[in-house]
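Observations on the model geometry
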Amino acid sequence: MMGQGSGGQKKLFYAFNLDDHVPADHLLRGIDRCLDLDDLRRHLAPFYSATGRPSIDPELMVRMLIVGYSFGIRSERRLCEEVHLNLAYRWFCRLGLEDTVPDHSTFSKNRHGRFRESEAFRHVFESVVERCMKEGLVGGEGFAVDASVIKADANRSRSTAREEAEDLRDPRHATRAVREYLAALDEQGEPGTAPASISPTDPAARWTAVGGPAFYAYSTNYLVDVEAGIIVDVEATPALRTAEIKSTRTMIERVEKRFGLKPERLIGDMAYGAAPMLGWLVEEKQIAPHIPVWDKSEPNDGTFGRSAFTFDAENNRYICPAGKLLKPSWRSRVKKNPFRYRASQYTTARFAR
């Protein structure tokens, strides 16, 4: 016979256990078994006042953010809605059926405030790495380095030229991102390092053409232990090759200081094969680079390669294929490369015509 609902009659008492409604193979169960946030409150204690109204539990906010990262929920407003509705999310965040989910604005305030000042996310990340080390998943003998491009939330059709960068100091542009960018430039003391194109919305992002039409972006740089593919450090930089290479040094030294891990070899692609990087690895860190050398000595653009020039050792000069002389320039003398050989301005101008 056909069944019929009860008509919405409410029971006086309910017996409901969230744990019974989360599948045994759910992703969050696996994360929960390995996640230990017991030390988070102690780490954040100096950044909270000893008086006043109790704050939202920082562990709750971190667990909610992990849910967002794990399931691709980029909007904090939507994340709060999903945690409110999804039983598995509530279970992972230690919320009961009647517990209130924090407002989305709370995340922004904490991420840009005490979480950033205390490096709370790095504390959580490093605690996970330590757990992996205890479980024997990190060998420490070999590391690999690579970067991923992350598109910035900035309109590619709106930009400010380098010459107009000072206009960003106008109070009309006084957003948090602009203030942080200007503060970083002031610390460097090198106004000439400003990029040719700057986004007024997110000035720290860099213009890149990786993978198609150009856009503003950042790079997330990863240092990975090759034993089991465990990421041992992460550093965010603008989408700039020099910044990516610099971040590799930062990560290697930080991992050595924090975990006592120093690899015997480093694996990377040709982007990391510049001479200063290879020299630093071999001479200063005694790390064997498994990196293709970034060699531009034999270009394929129709210009002469290094092999086309003949070196005259007796007179310390090069002879180009046209028989012209390239003499050492004292003005361009650099460390570990005493001379750069240049043709005369007259010869260069004549061939340019």
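Since the model is a prediction, treat every value here as computed from it, not as a measurement.

**Re unusual backbone geometry**
Here the phi dihedral of arginine 94 falls at roughly 60°; this positive angle occurs in a residue that is not glycine. Mapped onto the fold, arginine 94 is located in the loop between α5 (87-92) and α6 (104-111). Residue arginine 94 is classed as partly exposed on the basis of its relative accessible area of 46%. Unusually for a residue other than glycine, asparagine 316 sits at a positive phi of about 50°.

**Let's talk about the packing of aromatic side chains**
If you walk through the whole model with that rule in mind, you get 4 aromatic pairs. Where phenylalanine 71 meets tyrosine 89, the ring centres are 5.3 Å apart and the plane angle is 45°; that geometry is what we call tilted. A residue pair is termed long-range when its members are at least 10 positions apart, and phenylalanine 71 in the loop between α3 (58-70) and α4 (76-85) and tyrosine 89 in helix α5 qualify at 18 residues. By relative accessible area, which is 33% here, phenylalanine 71 ends up partly exposed. Classification of tyrosine 89 by relative accessible area gives buried; the value is 8%. Taken together, a centroid distance of 4.8 Å and an interplanar angle of 50° make the contact between phenylalanine 311 and tyrosine 318 tilted. Accessibility expressed as a relative area gives 38% for phenylalanine 311, which makes it partly exposed.

**Here's the deal with the pairing of strand β1 (residues 142-151)**
In this structure, β1 lies alongside strand β7 (residues 265-267), joined through 3 bridges in parallel fashion. When the sheet's bridge partners are listed, glycine 142 is paired in β7 with arginine 265. As paired elements, β1 and strand β5 (residues 215-225) share 9 bridges and run antiparallel to each other. Paired with aspartate 146 across the two strands is tyrosine 222, which belongs to β5.

**Section: a nonpolar patch on the surface**
A cluster of nonpolar side chains, Phe16, Leu87 and Leu97, forms an exposed patch at the surface whose accessible area comes to about 250 Å². Mapped onto the elements, leucine 97 comes out in the loop between α5 and α6. Residue leucine 97 is classed as partly exposed on the basis of its relative accessible area, which comes to 46%.

**Concerning the pattern of salt bridges**
For the structure on display, the rule yields 19 salt bridges. The partner of aspartate 233 in a salt bridge is arginine 122, with the nearest N and O atoms 2.9 Å apart. Highlighted residues: aspartate 233 in strand β6 (residues 230-238) and arginine 122 in helix α8 (residues 120-134), separated in sequence by 111 residues. Relative accessible area serves as the criterion here: at 1%, aspartate 233 is assigned to the buried category. One salt bridge connects aspartate 233 with arginine 254, and the closest N-O pair in it is separated by 2.9 Å. Of this pair, aspartate 233 sits in strand β6 while arginine 254 is found in helix α10 (residues 241-259), placing the two residues 21 residues apart along the sequence.

**Remarks on the nonpolar core**
Core analysis: the largest hydrophobic core is formed by 29 residues, its most contacted members being Val62, Met64, Val67, Leu79, Val83, Phe92 and Cys93. Of all the secondary-structure elements, those providing two or more residues to this core are α2 (40-44), α3, α4, α5 and α8. Of all the elements, α3 adds the most residues to this core, at 7 residues. When sequence neighbours within four positions are dropped, the list of residues in contact with phenylalanine 92 reads Leu28, Ile31, Asp32, Leu35, Arg63, Ile66 and Val67.

**What about α3?**
Between the first and last C-alpha of α3 there are 18 Å, a value that for 13 residues agrees with the 18 Å anticipated at 1.5 Å per step. With respect to burial, α3 is a largely interior element, 11 of its 13 residues being buried. Within α3 the residues assigned to the buried category are Pro58, Glu59, Leu60, Met61, Val62, Arg63, Met64, Leu65, Ile66, Val67 and Gly68. Its side-chain oxygen at 3.0 Å from the backbone nitrogen of glutamate 59, aspartate 57 defines the N-terminal cap of α3.

Quick notes on the rules
- For every chain, the first residue of its written sequence is number 1, and the numbers climb from 1 along that sequence.
- The predicted origin of the model limits local features to residues at a pLDDT of at least 70 and limits the giving and counting of side-chain atom pairs to 80 or more, whereas totals for whole chains, interfaces and linings rest on all residues.
- Side-chain descriptors were evaluated using all non-hydrogen atoms of the structure, hydrogens and water having been removed beforehand.
- Numbered from the N terminus, helices here are DSSP runs of H or I no shorter than four residues, and strands are runs of E no shorter than two.
- Accessible area is worked out with a 1.4 Å probe on protein chains only. A residue is then buried under 20% of its type maximum, exposed over 50%, and partly exposed in between.
- Two aromatic rings, drawn from Phe, Tyr or Trp (for Trp, its six-membered ring), form a pair once their centres lie within 6.5 Å of each other, and the interplanar angle then sorts them: stacked below 30 degrees, edge-to-face above 60, tilted otherwise.
- The rule for pairing is simple: two strands pair if DSSP sees at least two bridges between them.
- Exposure above 30% relative accessible area and no salt bridge define the residues that can form patches, which grow by joining like charges within 9 Å and nonpolar side chains of Val, Leu, Ile, Met, Phe, Trp and Tyr within 5 Å.
- To measure how exposed things are, a 1.4 Å probe is used in the Shrake-Rupley method; for residues, cover is taken only from the protein chains shown.
- By definition here, a salt bridge exists when the distance from a side-chain nitrogen of Lys or Arg to a carboxyl oxygen of Asp or Glu is within 4 Å.
- Residue types Ala, Val, Leu, Ile, Met, Phe, Trp, Tyr and Cys, when buried and joined through side-chain atoms within 4.5 Å, form a set referred to as a nonpolar core.
- Residue contacts are counted whenever heavy atoms from the two residues lie within 4.5 Å of one another.
- Multiplying 1.5 Å by the residue count of a helix minus one yields the expected span of that helix.
- Side-chain atoms alone can form a polar contact between residues adjacent in sequence; in general such a contact is a pair of N or O atoms within 3.5 Å, and within protein one must be able to donate a hydrogen while the other accepts it.

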